[in-house]
Amino acid sequence: LGGLLGGVSSIDFAGDIIKEAAPMIEKSLDRRYEKKQSLVQLPNVIDIDVDKASSIIEDTGFKVVTLQAKPNVRYANNKNNEVVMTEPKAGPVDPGSLVKVYYVTEEVIKESNKLKLEQAVKVEDLLNTAQAVKKAATSTFMSYINKEDL
């Protein structure tokens, strides 16, 4: 490598690169630190009434948009107008960011319960199928054993 660099040793070359890169790395780390220090804590408002949650978030300096969540089995046990998710999630966030607050209505809860029931029926069907396969496999195995005994 020294021959390619006109007599400069590899160690000298590496040292020069490090000297050149150090200020850029330091500046980048400083920017990251400053960015992290400027973040504001977005409070956790899950399971809180949507109006109260919106107020809490706005009082912290964020912009809020409320959106109705789509039915999901996870929401079957929630209460009407309860917050089920925020985007971004609770934690450090840029000040003044837009926060999407997802909440459930009576209709979403009703549809979520239907999904939960359908899922339970599918699980029951799978269990019944598994039991039938087990029974058939056991019967086939026993028939094979009995033939071998003859």
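Being a predicted model, the structure only gives us computed values, none of them experimental.

A. A look at the overall build of the chain. A tally of helices and strands in the chain yields 3 helices and 5 strands. Secondary structure elements of the chain occur, N-terminal to C-terminal, as α-β-α-β-β-β-β-α. Across the 150 residues that make up the chain, the buried fraction comes to 18%. At a minimum sequence separation of 6, the contacts of the chain that also span at least 24 residues come to 68%. Summed over all atoms, the accessible surface of the chain reaches about 11300 Å², with 57% contributed by carbon and sulfur.

B. Here's a closer look at the pattern of salt bridges. This model, assessed by the stated rule, comprises 2 salt bridges. Two residues, lysine 100 and glutamate 87, come together in a salt bridge whose shortest N-O distance is 4.0 Å. Of this pair, lysine 100 sits in strand E5 (residues 98–103) while glutamate 87 sits in strand E3 (residues 83–87), and the two are 13 residues apart along the sequence. Taking relative accessible area as the criterion, lysine 100 reaches 30% and is therefore assigned partly exposed. Glutamate 111 is the partner of lysine 114 in a salt bridge, and the nearest nitrogen-oxygen pair spans 3.4 Å. Placement of the pair is lysine 114 and glutamate 111 together in helix H3 (residues 106–149), with a separation of 3 residues, close to one helical turn.

C. Region of interest: the sheet that holds E5. The 3 strands are arranged E2-E5-E3 in an open sheet whose pairing can be described as mixed. Each edge of the sheet is formed by a strand with only one pairing partner; in this case those strands are strand E2 (63–68) and E3. With strand direction ignored, the average angle separating the axes of adjacent strands in the sheet is 25°. Along the sheet face, helix H2 (residues 50–59) touches E2, E3 and E5 and points at about 160° away from the line of E2.

D. Geometry of the side chain of threonine 86. Position of threonine 86 among the secondary structure elements: in strand E3. Using a relative accessible area of 8% as the deciding quantity, one classes threonine 86 as buried. A polar contact of 3.0 Å, which involves the side chain of threonine 86, links it to the backbone oxygen of proline 88. Apart from residues lying up to four places away in sequence, threonine 86 is in contact with Val45, Ile46, Val99, Lys100 and Val101.

E. Region of interest: the side chain of threonine 105. Within the element layout of this structure, threonine 105 appears in the loop between E5 and H3. By relative accessible area, threonine 105 is classed as buried at 15%.

F. Looking closely at the pairing of E5. One ladder, built from 6 bridges, connects E2 with E5; its direction is parallel. Looking at the pairing, leucine 67 lines up with tyrosine 102 of E5. By the bridge criterion, 4 bridges tie E3 to E5 in an arrangement that is antiparallel. If you follow valine 83 over to E5, its bridge partner there is tyrosine 103.

G. Structural view of the nonpolar core. Of all hydrophobic cores here, the largest spans 11 residues; its members are Leu42, Val45, Val50, Ala53, Ile57, Phe62, Val83, Val93, Val99, Val101 and Tyr103. Among the secondary structure elements, those contributing two or more residues to this core are H2 and E5.

Rules behind the numbers
- Residues numbered from 1 in each chain as written.
- Predicted model: local features only at pLDDT ≥ 70, side-chain atom pairs only at ≥ 80, totals over all residues.
- Heavy atoms only, no water.
- Helix = DSSP H or I, 4+ residues; strand = E, 2+ residues; numbered from the N terminus.
- Buried < 20%, exposed > 50% of the residue type's maximum accessible area, 1.4 Å probe, protein only.
- Contact = heavy atoms within 4.5 Å.
- Areas by Shrake-Rupley, 256 points an atom, 1.4 Å probe, with all protein chains shown as cover.
- Salt bridge = Lys/Arg side-chain N within 4 Å of Asp/Glu carboxyl O.
- Pairing = 2+ DSSP bridges.
- Axes fitted to C-alpha atoms, helices over the stretch in contact; angles between N-to-C directions.
- Polar contact = N/O pair within 3.5 Å; in protein donor to acceptor, adjacent residues only side chain to side chain.
- Core = buried A, V, L, I, M, F, W, Y, C linked by side-chain atoms within 4.5 Å.

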